[in-house]
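# Tertiary structure, described
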Amino acid sequence: MAEVLLKNVSKVYESGNKVVTDANFKVEDKEFVVLVGPSGCGKTTTLRMIAGLEEITSGEIFIDGKLVNNLPPKDRDIAMVFQNYALYPHMTVYENMAFGLKLKKVDKKEIESRVKEAARILGLDTYLDRKPKALSGGQRQRVAVGRAIVRKPKVFLFDEPLSNLDAKLRVQMRTEISKLHKQLGATMIYVTHDQTEAMTMGDRIVIMKDGIINQVDTPLNLYNKPVNQFVAGFIGSPAMNFLNEKILDKTDLIFESNNSEITFSLSTEQKKDLKGYAGKEIVIGIRPEDISVESNSVKSIELNSVLDVIEPMGNETFIYFEIEKVQFIARIKSLHELKVGAKIKLYVDPLKIYLFDKIQGKTFF
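A brief report on the enclosed structure follows. (Residues numbered from 1 in each chain as written. Predicted model: local features only at pLDDT ≥ 70, side-chain atom pairs only at ≥ 80, totals over all residues. Heavy atoms only, no water.)

From N to C terminus, the chain includes nine helices and 21 strands. Reported as C-alpha extents along the three principal axes, the dimensions of the chain are approximately 75 × 45 × 35 Å. At a minimum sequence separation of 6, the contacts of the chain that also span at least 24 residues come to 67%. Only carbon and sulfur atoms are counted for the fraction: they give 48% of the accessible area of the chain, which is about 18,400 Å². Within the chain, the 48 negative side-chain charges are centred at a point lying 6 Å from the centre of the 52 positive side-chain charges. (Helix = DSSP H or I, 4+ residues; strand = E, 2+ residues; numbered from the N terminus. Contact = heavy atoms within 4.5 Å. Areas by Shrake-Rupley, 256 points an atom, 1.4 Å probe, with all protein chains shown as cover. Lys, Arg positive; Asp, Glu negative; His and termini not counted. Charge placed at Lys NZ, Arg CZ, Asp CG, Glu CD.)

It is worth spelling out the layout of surface pockets at this point. By volume, the largest pocket is sized at about 520 Å³. As for the largest pocket, its lining consists of 18 residues, of which Ile 78, Met 80, Gly 100, Arg 147 and Arg 151 are closest to the centre. Elements that contribute at least two residues to the lining of the largest pocket include exactly strand E6 (78-81), helix H2 (93-103) and helix H4 (137-149). By residue number, the principal contributor to the lining of the largest pocket is H2, which donates four residues. Tallied by class, the residues present in the lining of the largest pocket amount to twelve nonpolar, two polar and four charged. (1 Å grid on protein atoms, 1.4 Å probe; cavity = no way out; pocket = protein on both sides within 12 Å on 5 of 7 lines; lining within 4 Å. Points joined across faces, edges and corners; volume = space filled by probe spheres on them. Nonpolar A, V, L, I, M, F, W, Y, C, P; charged D, E, K, R; others polar.)

Taken in spatial order, the five strands line up as E15-E19-E16-E17-E18 in an open sheet, and their pairing is antiparallel. Each end of this open sheet is capped by a strand with a single partner; those strands are strand E15 (291-292) and strand E18 (326-333). Strand direction decides the pairing type here: strand E16 (residues 301-312) and strand E17 (residues 316-323), joined by five bridges, are antiparallel. Pairing of Leu 307 across the sheet is with Phe 321, part of E17. (Pairing = 2+ DSSP bridges.)

A few words now on the pattern of salt bridges. All chains considered together, the criterion is met by twelve salt bridges. Between Asp 64 and Lys 154 there is a salt bridge, and its shortest N-O distance comes to 2.9 Å. Of this pair, Asp 64 sits in the loop between strand E4 (58-63) and strand E5 (66-67) while Lys 154 sits in the loop between H4 and strand E7 (155-159), and the two are 90 residues apart along the sequence. Judged by its relative accessible area of 30%, Lys 154 falls in the partly exposed class. The structure contains a network of salt bridges with shared partners spanning Lys 11, Arg 48 and Glu 54. (Salt bridge = Lys/Arg side-chain N within 4 Å of Asp/Glu carboxyl O. Buried < 20%, exposed > 50% of the residue type's maximum accessible area, 1.4 Å probe, protein only.)

With that settled, the discussion passes to the nonpolar core. Met 97, Phe 158, Tyr 190 and Ile 207 are the most contacted members of the largest nonpolar core, which totals 46 residues. Not counting residues within four places of it along the chain, the set of residues in contact with Met 97 comprises Val 115, Ala 118, Ala 119, Leu 124, Leu 128, Val 143, Gly 146, Arg 147 and Val 150. (Core = buried A, V, L, I, M, F, W, Y, C linked by side-chain atoms within 4.5 Å.)

With that settled, the discussion passes to the packing of aromatic side chains. One pair of aromatic rings is described through two measures. These are the centre distance and the angle between the planes. Summed over all chains, the structure comprises seven aromatic pairs. When the ring of Phe 32 is compared with that of Tyr 190, the centres are 5.8 Å apart and the planes differ by 40 degrees; the resulting orientation is tilted. Residue Phe 32 is found in strand E3 (residues 32-36), and its partner Tyr 190 is found in strand E8 (residues 187-192); the two are separated by 158 residues along the sequence. Residue Phe 32 shares its accessibility class with Tyr 190, and that shared class is buried. Counting every residue linked through ring pairs, the aromatic cluster contains Phe 32, Phe 156, Phe 158 and Tyr 190. A cation over a ring is seen here: Arg 287 above Tyr 223, with NZ or CZ 4.1 Å from the ring centre. Note that Arg 287 overlies the ring of Tyr 354, its terminal NZ or CZ placed 5.5 Å from the centroid. (Phe/Tyr/Trp six-rings, centres within 6.5 Å; stacked < 30°, edge-to-face > 60°. Lys NZ or Arg CZ within 6 Å of the ring centre and 35° of its normal.)

On to the packing of helix H3 (residues 108-122) against helix H5 (residues 167-184), then. The N-to-C vectors of H3 and H5 enclose an angle of 130 degrees; their axes lie 11 Å apart at closest approach. Relative to H5, the element H3 is oriented oblique. Between H3, through Arg 120, Ile 121 and Leu 122, and H5, the contact on the second element is made entirely by Leu 180, Gln 183 and Leu 184. Its residues placed into classes, the contact of H3 with H5 shows four nonpolar, one polar and one charged. (Axes fitted to C-alpha atoms, helices over the stretch in contact; angles between N-to-C directions. Parallel < 35°, antiparallel > 145°, perpendicular 65-115°, else oblique.)

Spatially, six strands are ordered E6-E7-E8-E3-E9-E10 in an open sheet, and the strand pairing comes out mixed. The outermost strands of the open sheet, each flanked by one partner alone, are E6 and strand E10 (212-217). With strand direction ignored, the average angle separating the axes of adjacent strands in the sheet is 15 degrees. Strand direction decides the pairing type here: E6 and E7, joined by four bridges, are parallel. By the bridge assignment, Ala 79 is partnered in E7 with Phe 156. Relative to E6, H4 is tilted by about 175 degrees, and along the sheet it contacts E6 and E7. Packing against the sheet, H5 makes contact with E3, E7 and E8, and its axis sits at approximately 165 degrees to E8.

With an omega of 0 degrees, the peptide bond running from Ser 237 to Pro 238 counts as cis. Within the secondary structure, Pro 238 is located in the loop between helix H8 (229-234) and strand E11 (241-246). In this structure, Asp 22 takes a positive phi of about 45 degrees despite not being glycine. Tracing the backbone through its elements, the reader meets Asp 22 in strand E2 (residues 18-27). Judged by relative accessible area, Asp 22 falls into the partly exposed class, the value being 47%. Notably, Lys 30 is not glycine yet its phi reads approximately 70 degrees, a positive angle.

Structure below.
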């Protein structure tokens, strides 16, 4: 397997539309890296440039230390798994998986050995004589993955391979691909718009927005230490709550509101980060799971509101309410009697709040 390196890679179409801007990141040998972001952020274009299916406008792409800018896809030693499976309907599972090897004139015994091994790994042993129309969506996706495995490429590329599957199958296939990565010890780059997929599968995650890489980090670091408001709002489900407010005091965070003031007792480090922001507007972020119906500390921030919606989820409940005309969501344990329309007191640990520069969006650590 091999490492993949992108240096200042950009893509601009003839129309002037800039899809990717100065992409810089490295995928280590045997690493699983996920490209994630909203639709149109440039993640699939980035993957296609690595594969050689899109020409790059500027920059350099290296695979296994070799510059591949001018190499066609067939010479890059990569295998790509597409969203729509791309199977030949008139061929059996065996024939679909063997087709690429036949084109390369690989020995028949070697083809048989590779196909059967891939089928064993993916649980397709009993389906080799079937055609794609006789398979479920999950089975077809496994065939597409198997076709990539038999080639023994240096790098596997996945372009939203699970988006056509139902929720239960997506979870199952997510697990299977993660197991496959560990079993093969392969270098894998995976594109998805689903941040849950990214968090559960990736060793590291590349977060993109409007063609620009915002942060490259481990799942836990992205969750705990987002570099800006976009990353903080994108990672986590349900998404982080945000308030735009003005700081009225230098020692504690006192937000000016329409009816009252909300005081946040800050740590020494937080106060240091906000030095010079008195009288200015900033953004406060609170994760739904950091809001509780019980106070855990004498310094807990108290939020008063009226309960708008209750969503029981089994062992937890999502509740919706407004703070200063902004819709908030809290994720709490399902141990409390709650009623829609009732007044409610909620509490937040001030050490768990996130603070962002309103203009630049950067995080104050």
